[in-house]
Each structure stands twice: as structure tokens, then as C-alpha cells.
Amino acid sequence: MSRVTSPLDLLRVMVRIRAFEEAVGELFVRGGTAGTMLHLSIGEEGAAAGFGLAMRPGDTFTTHHRGHGVFLARGGDPRRMMAEIAGKAAGSCRGRGGSMHIADVTLGHLGANAIVGGGIPHVVGAALAARHLGSGNVSVAFFGDGAMQQGVLYESMNLAALWRLPVVFACVNNQYGMGTRIDRAAASLDFDARARAFGLRGVTVDASDATAVFETATQVLADAREGRPALVTLDCFRFYGHARKDRSPYRTEEEEREGRSRDPVARLADRLRGEDVLDDDTLTAMRDDARREMDDAVAFALAAPPPDLAALHEDVYAPDRPAPPSVDAYHALVYPEGEARA
Amino acid sequence: MTTAVDTTTYRDALREALREGLRRDPHVVILGEEVGRYGGAYGVTSGLLDEFGEDRVLDTPISEAGIVGAAVGAALAGLRPVVELMYVDFAALAMDQIVNQAAKARSMFGGQTGVPLVLRTQGGTGRSAGAQHSQSLEAWFLHTPGLRLYVPATVTDAHHLLLAALREPDPVVFVEHKALYTTRSDLGAHAPPPGVSVRRREGRDVTVVTYSRMLHRCLDAAQALAARGVEADVIDLRTLCPLDLEPVVASARRTGRVLIVTEDTLTGGVSAELAARVTELAFDWLEEPPMRLAGEDVPIPVAPALEEASVPTPLRIERAALRLLGRRA
Ligand SMILES: Cc1ncc(C[n+]2csc(CCOP(=O)(O)OP(=O)(O)O)c2C)c(N)n1
Ligand SMILES: [Mg+2]
């Protein structure tokens, strides 16, 4: 464990992620989120916190549609995240992106993607940029096990290995892509072998163990910084449905029970209690703090004003370039009101 | 209002067509992400796996280029595959297989072969699904010779056009609308074949041309216009390839004014092709240039109010028609 990150830090971040996901899930039930495409990362906190805290400021990353956790672990502001998910102008993407497209470039986040695999090749280019600019930064792609079956991953792995780029491909293997368990999507589950076949290092780590993730991540990030890219598979379990509404009828109760027993938050908390590093009061206080923080974020999102309809055409192009004209403006040009030419 | 005969949803109508296709032709296979156990992201294929088994209904990994490409190969080799592409936005990942492969094989190989493939997908706004899950991309396919393009608006057409697609010798891109799956009506025993546009409402003042979900918004607008004494002639194109503009031209000759309403973006969109053709075919009868009311030239935002502001609404259609007629809204 590094000097600056303690197991308690990992636990605190995981508790905050869980609290965020629970709060946003409730916001959904109250009808406060934009649309229904809300994908919670409960059960994946070990992957998000373990990897996220091992990264350095300046490192860039892309995330997938289940990216709230990683984003929080990298310093995402819950208020602006919650406002974004609520579709408010105060959101980090002005309410344009929503849950699947949260981004804050000031944190090195290059964007969250709703196209499975869409963000993977970006880290190849970001690493190329890092090397070109001499920043010393690594670029990390977070994606799901579903993306392991997208061709673009293999093009990206090959490029990263070929060019010896500071890249880490981080697969959050929560065992499912929607209703399809990974063993129904791939004949070989040896993801490390896939990496090796392309000349990358391949490592699988049990992501219910946040400290193990942290240690592995620290190591592969250091290697990547030296031009040795890797694929890391973060093995975990998606505790709930694919989206907030999905009740996972395709899984047995037993499978869910067993999967949820791999709870990264409980696992680290139990361990730290056993080591006398944590007592119940501290844990309760940590949870209460997180709950308060996320309740405040929800209140902020709910109180935020709705987006300005007049701003619809902004940000399609750079602000110093003309915005595309609205259809109305075009009509006004062609058909001046009240002056039919007939 | 739901009446006794409004028993079938757009979703059910599609499923029944697939079921009938699977029953009558052993060469029909369905493949796509979550089409089997999950029953389809929008529930269209629900129950088909149980009924027809894993040889006919295949769950695939998330590999759009591979899935569509495999379907092209299956079609070349004697099957009649139906691919479900969960969102039309994901066509971007399979575009080579659609455009350079499926659409080209017959012509490029001198008519020796064909690709009897149905690519079912869905598009459009209405669920705050964001910029990568809400687009209307039919112009991409319209722009590609070799593809058929069906865009059903009604429950009856969803059923009968899909059945017709399953009889086509060439690839059909069949674009459903995500906001229509729960609409209901009588299934209807028949529908005109592809390539026949249908007048959904008669009126003498303005011709309104549309398809897919925008039909319903145009009909709502037509009602509001009627209250102002304006009678709209509303024509549903149903299929964009083949395209039947005869009723549009006939109507334009009577009204002299044509309003084209599409959900896809204005620039380079389907409405551009339609406006060009209406102008060419009905030039002497037009009082005004055909008016295009289409999606705004922006990526679709997730915030519901912004999303709705980016596409034609009944109110905007009504106002556009009044402007075209030279009246103040
Ligand atoms: C290219 C593409 N295909 C399909 C989808 C629909 N879809 C969204 S999430 C998902 C499952 C993804 O599974 P995984 O990559 O394991 O991520 P998880 O949801 O488990 O976090 C699918 C099929 C999509 N968004 N993009
Ligand atoms: Mg997964």
C-alpha cells in the first residue's frame, strides 16, 4: 500500500460510491433522473476505488455506461454528477449527457460512453498524446466484460502493444452484459491469454478485494508508464439489474446471493475491524457522512433550474464558431411570416 | 381511446410477424443481442426462444460488426436471417457490413447472388436515452443503393411490412420507433405492400408528408389545424425504398403546399430528398417551396425538455403549417 492511500481511504471511497448509487437509485424511483438508462455500479466499488485511487493526477481515462464509481473515485463532484443525471444545466455536461455520459475533463476524464467499447480506442490516442507531449501520464480505459467481444478492443490492444504505449485496459468483469452471463458470450474466459496473444501483460484480480485491486493497479500503472501496456480484469459481480428497472429474472436467487456475498465494502470493513483499524462507530460515521453528502447532492440536483431551451444549439461546434441555425430560424428565412408569396 | 379492437401493440404486431415468418419458412433465423432469454431490449422477441429453440433464435455477444456480417454470410449461403440491432445508433459499428457488403453483393457479383437479410432496429427520441441512443439515421440507408428501407408508423404496418420484408430477396433495413412499441390498435388483416404510400387523413389546404412516429404527431397537429379551419392531407410514406410519391404529388396539385415532417436532422436528411423530388415533380403546382420540418441539427440531449425541443412536436407542426399557409399562429 502506498504512503498516501490507506485502506481506510479505499473504504471511504467505496462507501461514498455505494451511497451515491443508492441515492441516485432513489432519485430514479422518484422520477428525478433523465430517462431510464441508469446503470448502478453496486458490487463494483472495489474495482472503482482500487483502480481509481492508484491512478495519478494527470492520468486520463474513459469509462463505460456504468461509470459512476470510477468517476467518483477519481474525484468527481457528486453534486454536479447528480445534477447531470437529473438532466439539469448545473450538471457537468450541462444536462446534455446524463448518467451514461458523465464527464469532467478537469479530472482527466475523457468521457463516458454508451456505445459498448466506444471509449476503448480513445486511451490509445490519449497515451500517444501523453508520450508526444511528454506528460508521463497513463491512460486507462474502463469497460465491461461485454466489450471483451467487441473487435475494437483487439485493434486497440494491438496498437498499444505495437507502439508500447502507457495504456491500461481495465475490464470490469461483473459477469453479465445485460441478461447474458459472460460464459454465454465467450467460449474462452481466459482474458489474460487474450492480452498475451497481443503482446500485453494480462492480469486478473478479485475485485471484491479493494486492496488487491489497488496493489495490482499500482504495479500495472507503473509498468504502463514505462511503455508496457496491460489488460487488467477486475473480477466482481453486478449486484442488481442491468439498469435500475431490470430485476434480473435470468438469474437464480442462489446465484445472486452468492454473488452479493462478494461485497467489496463489507469485505474490507470486516478485515479492518478484525485488524482493529476500524471500529463500528467510525464505520457508522463514515456511512452517515456519505449519506449526508449524497442527500445534499440530490437536493442540489432537484433544486437546480431546468436547462435553458434557448441553449439547444450551443456546443455543437466551438463557442467562437457559428451555431447551427434552428429549424425555426431557417423557416423564418424561407417563409417570412404572414407574407405568403402566392 | 382504447376500444375493444385495440388489442394489439406495435411490439406484439412485430412479434407475430416474426413468429409467422419462423413458422412458415424454416430458413428464417433470428440473431442479435438479448433476443433470446431476455426477450429483446424492447420485448419484441419475447417468447420466441422457448417456442422455436436455440437453433432459430440466437443470442449473440456484443459484436455488431460480426453479427451483421455473419447474417450477410448466412443470407448468401441460403438462410433468411433476421438481425436485431438493439439501437439504430449501433449501425455505425456494423456499417461496413451493411453498406459495403449486404448492399453490394447482388450488383457487384453480377446478379449471381443476393442477401435476403432483414435488419430490424429501432430509433428516435422519446425515452431520454441520450445522444448515442436516440438518433434517426434512416438517411444513411436511403443513401445506399441496394438496401430497402421500411419505416412503419402503425400497428398494422409493423406487422404486414415485417412479413413483407421476410419475403424480400434483398436486404431490408426495418426501422421501428422506440416510442411506438406500446401503441395499440387492431392488427388488421391486410395492408398495402411496400412502396405504396397511404393517405391517413384527407384535407384540401396543405399536404403533410411523413412516416414512422411523426405520423402520429402530424395527425395530432392536423386535428388542431382543423379547429382553426385548416384541413391537412396527411400522407404516410410507410417505406422510403421503395418510395411512392404519387399520392404526394397528386395531393400537392390540389393543395399547392407541401409540409414534410421527419424526426431525422434537417441537413442532409430524408426531408431533403423528399423536398427535392416534390419540387421536381410538382413544381408548376406549388405555391411555396416545400417546407421541411425536421430534427434540429444537434446531437440529441438527454434532458427531457431539450430532447423534445430537438424534434418536431404537434405544436411545432401546427405552427409550421400555418406559416406555410401564410397565416399567423
Ligand atoms: C455497441 C453497443 N451494443 C449494444 C449496446 C447495448 N448495451 C448496453 S449495455 C450492454 C451490456 C454491456 O455489458 P458490459 O460491457 O459487461 O457492461 P455492464 O453493463 O455489465 O457494466 C449492452 C448490450 C450498446 N450500448 N452499445
Ligand atoms: Mg458486465
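Residues numbered from 1 in each chain as written. Chains lettered and ligands numbered in written order. Predicted model: local features only at pLDDT ≥ 70, side-chain atom pairs only at ≥ 80, totals over all residues.

A. Spotlight on the interface of chain B and chain A. Contacts between the two partners involve 40 residues from chain B and, on the opposite side, 45 residues from chain A. Broken down by secondary-structure element, the contributors of at least two residues to the side of chain B that touches chain A are α3 (64-76), β14 (291-295), α11 (304-309) and α12 (314-324) of chain B. When residues in the side of chain B that touches chain A are grouped by element, the largest group, four residues, is from α11 of chain B. Here the residues of the side of chain B that touches chain A are counted per class, giving 22 nonpolar, eight polar and 10 charged. (Contact = placed C-beta atoms within 7 Å. Helix = DSSP H or I, 4+ residues; strand = E, 2+ residues; numbered from the N terminus. Nonpolar A, V, L, I, M, F, W, Y, C, P; charged D, E, K, R; others polar.)

B. Quick peek at the domain arrangement of chain B. Residue and element names in this part refer to chain B. If you check the domain split of chain B, you get domain 1 (8-185) and domain 2 (198-324). Here domain 1 and domain 2 have C-alpha centroids that lie 26 Å from each other. Contact residues are listed per partner, giving 23 residues for domain 1 and 23 residues for domain 2. Those elements giving two or more residues to the side of domain 1 that touches domain 2 turn out to be α6 (138-142), β6 (148-150) and α7 (155-165). Each residue belonging to the side of domain 1 that touches domain 2 can be placed in one class, and the counts come to 12 nonpolar, eight polar and three charged. (Domains from an automatic or database assignment.)

C. A look at the pairing of strand β3 (residues 139-144) of chain A. All names here are of chain A. Across the six residues of β3, six count as buried, placing the element largely inside the fold. Where burial is concerned, the two faces of β3 agree: the one with Ser139, Ala141 and Phe143 and the one with Val140, Phe142 and Gly144 are both buried. Across three bridges, strand β1 (residues 60-63) lies against β3 in parallel orientation. Within β3, the position partnered with Thr62 by the bridge is Ala141. The sheet contact formed by β3 and strand β4 (residues 167-173) spans six bridges and is parallel. Bridging from a neighbouring strand, Gly144 pairs with Val172 of β4. Chirality of the crossover, the property in question, places the unit of β3, helix α6 (residues 151-162) and β4 among those that are right-handed. (Buried ≥ 20, exposed ≤ 12 C-beta atoms within 10 Å, placed from the backbone. Pairing = 2+ DSSP bridges. Right-handed = clockwise from strand over helix to strand, strands pointing away.)

D. Region of interest: the site of ligand 1. What surrounds ligand 1 is a group of 23 residues, the closest being Arg66, Val116, Gly144, Gly146 and Gly177 of chain A. Neighbouring residues of ligand 1 are not confined to a single chain but are spread across chains A and B. Partitioning the shell around ligand 1 into residue classes produces 10 nonpolar, eight polar and five charged. (Near = placed C-beta within 6 Å.)

E. A look at the sheet that holds strand β7 (residues 201-206) of chain A. Residues and elements named next belong to chain A. Taken together, the six strands give an open sheet; going across it, the order is β2-β1-β3-β4-β8-β7, and neighbouring strands pair in parallel fashion. The open sheet has two free edges, formed respectively by β2 (109-112) and β7, since each of these has just one partner strand. Averaged over all neighbouring strand pairs, the angle between strand axes comes to 15 degrees, with direction disregarded. Relative to β2, β1 is paired through three bridges, and the arrangement is parallel. Bridge pairing in β2 places Phe61 opposite His109. (Axes fitted to C-alpha atoms, helices over the stretch in contact; angles between N-to-C directions.)

F. Broad picture of the packing of helix α1 (residues 7-29) of chain A against helix α11 (residues 280-303) of chain A. Residues and elements named next belong to chain A. Running from N to C, α1 and α11 cross one another at 40 degrees; their axes reach a closest spacing of 9 Å. Of the possible angle classes, the one that applies to α1 and α11 is oblique. With respect to the hand of their crossing, α1 and α11 are arranged in right-handed fashion. Here Arg12, Val15, Arg16, Ala19, Phe20, Ala23 and Leu27 of α1 come into contact with α11, specifically with Met286, Arg287, Ala290, Arg291, Glu293, Met294, Asp295, Ala297 and Val298. In the contact of α1 with α11, the residues fall into 10 nonpolar, no polar and six charged. (Parallel < 35°, antiparallel > 145°, perpendicular 65-115°, else oblique. Left-handed = near helix turned anticlockwise from the far one by under 90°.)

G. Layout of α1 of chain A. Over its 23 residues, α1 of chain A runs 33 Å from end to end, which matches the ideal 33 Å to within 8%, given 1.5 Å per residue. Two residues or fewer after α1 of chain A comes Gly31 of chain A, characterised by a positive phi angle close to 80 degrees. (Expected span 1.5 Å × (residues − 1).)

H. Here's a closer look at the nonpolar core. By size, the foremost hydrophobic cluster in this structure holds 104 residues, and its most contacted members are Met14, Val168, Ala170 and Leu234 of chain A. The dominant element in this core, judged by the number of residues it contributes, is α1 of chain A, at 12 residues. Those residues in contact with Ala170 of chain A, other than ones at most four positions away along the chain, are Phe51, Val140, Ala141, Phe142, Val232 and Leu234 of chain A. Membership of the second largest hydrophobic core comes to 97 residues, among which are Val327 of chain A together with Tyr87, Leu142 and Leu180 of chain B. (Core = buried A, V, L, I, M, F, W, Y, C linked by C-beta atoms within 7 Å.)

I. Structural context of the sheet that holds strand β5 (residues 118-123) of chain B. All names here are of chain B. Ordered in space as β3-β2-β4-β5-β7-β6-β12, the seven strands form an open sheet in which the pairing is mixed. Sheet topology places β3 (57-59) and β12 (239-241) at the edges, where each strand pairs with a single neighbour. Neighbour-to-neighbour, the strand axes of the sheet open up by a mean angle of 20 degrees, direction not taken into account. Sheet topology places strand β2 (residues 28-32) next to strand β4 (residues 80-85); five bridges connect them, and they run parallel. Bridge pairing links Val29 to Pro81 in β4. With respect to the sheet, α3 is in contact with β2, β4 and β5, its orientation differing from that of β4 by roughly 165 degrees.

J. Up close: the packing of α3 of chain B against helix α4 (residues 95-102) of chain B. All names here are of chain B. Axis separation between α3 and α4 bottoms out at 8 Å; the angle between their running directions is 25 degrees. Here α3 lies roughly parallel to α4, going by the angle between them. Here Ala65, Val68, Gly69 and Val72 of α3 come into contact with α4, specifically with Asp96, Gln97, Ile98, Gln101 and Ala102. Across the contact of α3 with α4, the residue classes break down as five nonpolar, three polar and one charged.

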